[in-house]
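Fold and contact review
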Amino acid sequence: MLAVAFLAFSLFRFVGDPITQMTGVETSVEDQERLREELGLNDPFAFQFLRFSGDMIQGDFGFSYRTRQPVAEMIASRVPATLELGVVALLISLAVGIPFGVYTALRPRGILTQTILLTSLVGVSVPTFVIGIILIFLFGVQLGWLPTFGRGGTVQIGGWESSFFTIDGWRALILPAFTLGVYQLTLTMRLVRAEMMEVMRSDYIRFATARGVPMGRLYFRHALANTMVPVITIIGLQFGGVIAFSIVTESVFQWPGMGLLFLESIRFVDIPVMGVYLVVIAFFFVLVNLIVDLLYVAIDPRLRVK
Amino acid sequence: MKQTFKLSASIGCALLVSTVGVSAETFRWASTTDPQTMDPHAVNSAPVLSFLNNIYEGLVRRGQDMSIEPSLAASWEPLVGENGWRFNLRQGVTFQNGATFDAQDVMFSYQRASNEAADVRSWFAPVADVRVVDDYTIDFVTTAPNPLFPDSIANFMILDQDWAESNDAALPARDAENFATMNVNGTGPFTLASRDPGVRTVLTPNGDWWDDATHNVTQAIFTPIGNSATGLAALLSGEIDFIQPIPLQDVAQVEGRDGFKVLEGEETRVIMFGFGHEHEKLLYSSDVTDANPFTDPRVRLAAAHAIDIASIDRVLFRGKIEPASQLVPAGISGYSEANSERPAYDPARAKALLAEAGYPNGFSFGLKCPNDRYINDEAVCRAAASMFAAVGLNATLSTGPVRDYWPQLRADDFDMYLLGWSPGTFDMEHPIRFLLNSQNDEKKLGSWNFGNYSNARVDELLPQIQQEIDPAARQALVDEVVSITQDEVAYIPLYTQPLIWAAKDNIELTQRADNFFMLRWVNVN
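Because the structure is predicted, anything quoted here is derived from the model rather than measured. (Residues numbered from 1 in each chain as written. Chains lettered and ligands numbered in written order. Predicted model: local features only at pLDDT ≥ 70, side-chain atom pairs only at ≥ 80, totals over all residues.)

We now examine the overall build of chain B. Each helix and strand in chain B was counted, giving 16 helices and 19 strands. For chain B, whose C-alpha radius of gyration is 25 Å, the value lies close to the compact-globule estimate of 24 Å for 525 residues. Its C-alpha atoms put chain B at 75 × 70 × 40 Å along the principal axes. Put simply, chain B has 525 residues, and 49% of those count as buried. Sequence-distant contacts, at least 24 apart, represent 70% of the contacts inside chain B between residues at least 6 apart. (Helix = DSSP H or I, 4+ residues; strand = E, 2+ residues; numbered from the N terminus. Rg over C-alpha atoms; globule rule 2.2 N^0.38 Å. Buried ≥ 20, exposed ≤ 12 C-beta atoms within 10 Å, placed from the backbone. Contact = placed C-beta atoms within 7 Å.)

A count of helices and strands for chain A gives 13 helices and two strands. Overall, chain A is about 85 × 55 × 35 Å in size when its C-alpha atoms are taken along their principal axes. Within chain A, counting contacts between residues at least 6 apart in sequence, those at least 24 apart form 72% of the total.

Turning our attention to the interface of chain A and chain B. On the chain B side, the residues contacting the 42 residues of chain A number 44 residues. Considering each element in turn, the side of chain A that touches chain B owes the most residues, six residues, to helix H7 (residues 128-142) of chain A. The class makeup of the residues in the side of chain A that touches chain B is 17 nonpolar, 16 polar and nine charged. (Nonpolar A, V, L, I, M, F, W, Y, C, P; charged D, E, K, R; others polar.)

In this section: the nonpolar core. In terms of nonpolar packing, the biggest core is built from 143 residues, with Tyr 277 of chain A together with Ile 243 of chain B touching the most fellow members. Here this core takes 14 residues from helix H8 (residues 167-200) of chain A, the largest share from any one element. When residues no more than four places from it in sequence are discounted, the contact partners of Ile 243 of chain B are Trp 29, Ala 30, Ser 31, Gly 231, Leu 235, Trp 501 and Ala 502 of chain B. Residues Phe 363, Leu 393, Trp 406 and Leu 461 of chain B belong to the second largest nonpolar core, which totals 69 residues. (Core = buried A, V, L, I, M, F, W, Y, C linked by C-beta atoms within 7 Å.)

Turning next to the environment of Leu 11 of chain A. The topology assignment puts Leu 11 of chain A in helix H1 (residues 2-11). As a C-alpha pair, Leu 11 of chain A and Gly 275 of chain A span 264 residues in sequence and 9.9 Å in three-dimensional space.

Residue and element names in this part refer to chain B. The strand order across the open sheet built from four strands is S4-S5-S7-S6, with neighbouring strands paired in antiparallel fashion. Single-partner strands in this sheet number two, and they are strand S4 (73-78) and strand S6 (127-134). Strand-to-strand twist in this sheet, taken as the mean axis angle between neighbours without regard to direction, amounts to 20 degrees. The pairing of strand S5 (residues 84-89) with strand S7 (residues 137-142) spans five bridges and is classified as antiparallel. By the bridge assignment for S7, Asn 88 is matched with Thr 137. Lying on the sheet, helix H3 (residues 103-113) is in contact with S5, S6 and S7; it crosses S6 at an angle near 165 degrees. (Pairing = 2+ DSSP bridges. Axes fitted to C-alpha atoms, helices over the stretch in contact; angles between N-to-C directions.)

What follows deals with the packing of helix H12 (residues 258-268) of chain A against helix H13 (residues 271-299) of chain A. Residues and elements named next belong to chain A. Between H12 and H13, the least distance of the axes is 9 Å, while the angle of their chain directions is 145 degrees. Here H12 and H13 pass one another in a crossing that is left-handed. For the pair formed by H12 and H13, the contact residues are Met 258, Leu 261, Phe 262, Ser 265 and Ile 266 on the first element and Val 273, Met 274 and Tyr 277 on the second. A breakdown of the residues in the contact of H12 with H13 according to their chemical character gives seven nonpolar, one polar and no charged. (Left-handed = near helix turned anticlockwise from the far one by under 90°.)

So, on to the pairing of strand S16 (residues 416-421) of chain B. Residue and element names in this part refer to chain B. Of all the six residues making up S16, five are buried; the element is thus mostly covered by neighbouring parts of the structure. Here strand S12 (residues 260-275) pairs with S16 via six bridges, running antiparallel. The partner of Ile 271 across the bridge, within S16, is Gly 420.

Residue and element names in this part refer to chain B. By the bridge criterion, six bridges tie S6 to S7 in an arrangement that is antiparallel. When the sheet's bridge partners are listed, Val 127 is paired in S7 with Thr 142. Linkage of S6 to S7, two consecutive antiparallel strands, is achieved through a turn of two residues.

Right, let's get into unusual backbone geometry. The phi angle of most residues is negative, glycine excepted, and most peptide bonds adopt the trans form. Residues and elements named next belong to chain B. Here the residue pair Gln 244 and Pro 245 is connected by a cis peptide bond, since its omega of -15 degrees sits within 30 degrees of zero. Turning to its location among the elements, Pro 245 is positioned in the loop between strand S11 (242-244) and helix H8 (251-255). Located in the positive-phi region is Asp 168, a residue other than glycine, with phi close to 60 degrees. Inspection of the secondary structure assignment puts Asp 168 in the loop between helix H5 (161-166) and helix H6 (179-182). In the Ramachandran plot, Lys 444 falls in the positive-phi region, its phi being about 60 degrees despite a non-glycine side chain. Assignment of secondary structure puts Lys 444 in the loop between helix H14 (429-436) and helix H15 (456-467).

Once that is clear, we can look at the packing of H1 of chain A against H13 of chain A. Residues and elements named next belong to chain A. Where H1 contacts H13, the axes come no closer than 9 Å and their chain directions differ by 150 degrees. Remark: the crossing between H1 and H13 carries right-handed chirality. Here Val 4, Ala 5, Ala 8 and Phe 9 of H1 come into contact with H13, specifically with Met 274, Gly 275, Leu 278, Val 279 and Ala 282. For the contact of H1 with H13, the per-class residue count stands at eight nonpolar, one polar and no charged.

Residue and element names in this part refer to chain A. Tracing the sequence through the fold places Ile 19 in helix H2 (residues 18-22). Taking C-alpha positions, Ile 19 is 9.6 Å from Phe 268, a pair spaced 249 residues apart along the chain. Each residue touching Ile 19, except ones within four places of it in the same chain, is listed here: Gln 32, Leu 35 and Arg 36.

Residue and element names in this part refer to chain A. Taking 1.5 Å per residue as the helical rise, H13 with its 29 residues ought to reach 42 Å, and the 42 Å between its terminal C-alpha atoms agrees with that figure. Looking only at H13, the buried set comprises Ile 271, Pro 272, Val 273, Met 274, Gly 275, Val 276, Tyr 277, Leu 278, Val 279, Val 280, Ile 281 and Phe 284. Contacts made by the buried residues of H13 are with H1, H2, helix H4 (45-57), helix H5 (71-106), helix H10 (215-244) and H12. (Expected span 1.5 Å × (residues − 1).)

Our next topic: H8 of chain A. Here H8 of chain A spans only 42 Å end to end across 34 residues, well under the 50 Å set by a 1.5 Å rise per residue. The largest bend in H8 of chain A is about 45 degrees, located at Gly 181 of chain A. (Bend = angle between axes of the 7 residues up to and from the residue.)

Further remarks concern the environment of Glu 30 of chain A. Residues and elements named next belong to chain A. Relative to the helices and strands, Glu 30 resides in helix H3 (residues 29-38). By the C-beta count within 10 Å, which is 12 here, Glu 30 ends up exposed. As for Glu 30 and Val 141, which are separated by 111 residues in sequence, their C-alpha atoms are 50 Å apart.

Attention now goes to the confidence of the model for chain B. Averaged over all residues, the pLDDT of chain B equals 90, while 95% of them reach at least 70. Taken together, the chains of this predicted complex give a pTM of 0.85 and an interface ipTM of 0.82. (pLDDT = per-residue confidence, 0-100.)

Here's what the structure looks like:
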């Protein structure tokens, strides 16, 4: 995470000048210089970085150049939106991707399989924002069924602002979550399909078939469970990506999550927010990898025997 | 087809009504940028000032046609025997927390807004002293005669002294936020009901407003929507009532649908090309590396004659721009009627001028442009580059986001550049002060004159223009500046940028030329 902070911080020198964004056109050059001095932007790079990481280790995330709010508070208030979006996207991709993957593996030559596989190509190849905009215009503008932007009704539970407890919140969640999950969905499906086909050819399945194990039990208990280890690895690692790259989806749906905040911050050269965001994302990646490792143990009994 | 659309639209509306419970006068609007702060003195930027003008008020305010009218000052007159203005304050005005407004609040707001921590302090550069005469009279003494001072403080908003001091917000927030960043207490027509920065801000009418409300809004909800396609979809799906601005290419989309309208006007922003007047050589040329041909006015005039504004208008702007002859558009005070001709599109003359200046085969140079600041900025530069090339001026175009662009211009890293300028005071003096006067950090002049165009006579005329009380004499001085700078082609003014907003048909509102959106002129029918 320190490495990420360092990389991010060295890149910030090239994103532009925060001072010209913070001041109006009429502000004199002298006042701009004074502000630059106050913010410590004239200090040497190493010094700025040490101050940034030092403050962060002490839990002081600084203040946004744009809104002057504490960065920790700004990011914390945006985390629920992004996490809920990411989790729902993941659930959609699993709920749809796994059954489809199993089906297409078991009936490799069916018409439905061919249709699903063909459609899934679209999911992989069309960029997220195009899918998002198409969905908005179809379901939001033409049909008027779903809201086109924002989170709809949210409920405050502790410090967590959730969309899960109102119908309005769920309605607002469907399109962005689907958009974000589409790539994951096709990936899950193709992965499950490939693994499943592999497993179905293996000896123990043939053996089980010969022994007369019921089909349902065979497919789901024996075959699918064994396909899940690599699937979970990939999906788990992808989930970090879902959180990190929800930026595009959040921008298209004006979804008030961390990604949107990051985008606004780039436009404004809000260095403190950008820095903390990247470190938080790095933290998520580490966390997700840890969870994936723990899940292995739960799924694969071999790892429990030592 | 149309029938189905209407049907589905009405189902959509019904769903909205049933789930959200929108009352008839709830007004929802969106814009690309969220105001960064609710503090009227912390940031001098249009999104903030425009938004806060609904909540706070100044001594004077601008009407629908941009004219100055009384607000918290009922009247004002020049001081007798010294330079400056006396403001007679309106009596019986209260802040939204019930406190009474008086001259002490104006004094306090002046001190707050002119403090080093305030970004708006440049407005008070001409002020020498401020005196409270009595509870409802206050004098602003200026260092020199200043006929435009009342106009220049239309966005100077008044805070309640007790409220600010008791909440530790006596100064605008510099690094950390303070109470005034998220809370308000103005005298204006609306007050803040809730704020979630970057997500949603809700305003409700101030029932005790001193002026007669002409709007019928009972609740106004503002959402920033950064992505223009999302904003358009939100309007067309009926989730918002109004959006500013919409991209030019979406105009047809909105006009083609029932129940929506596009509002078009001219912004006051003039787009122009600037030169590196004081550069000794070109930075980005492959053939002329030991000189800067643009120091020759004939070369600059040749560049001006090479531009075909009519084609740019037709192809890039669908006929929505107004060609510009000078740094402000017609209608702004100080606009020089005597100099309203711009150099005609005349490639033959451009070539002749280049030959005369010693460049019969032209030369190459670098043209810098922003790509996210003005409408179609990059496309305009591309078009201009090909027009320049037609007369032998081979521009190497480099474009970038505005956050990189200003630092490059400040570092003199250009041969020619694109700039847009909107006169903050709505007077010609503003661009003369910032763009035409020689750079002078000490006097804070010419701070956006990146190429440092410098003419001793222009520098001499600026203080006279600032101080001249007689309108006709003042106009003569302005005319002289415009005439000099046109003769010397200090800049190539191109056009005035259009202002395009979109709303539902049942919304009545006023589009003001400074792109400010005032809720007090909104009616939901």
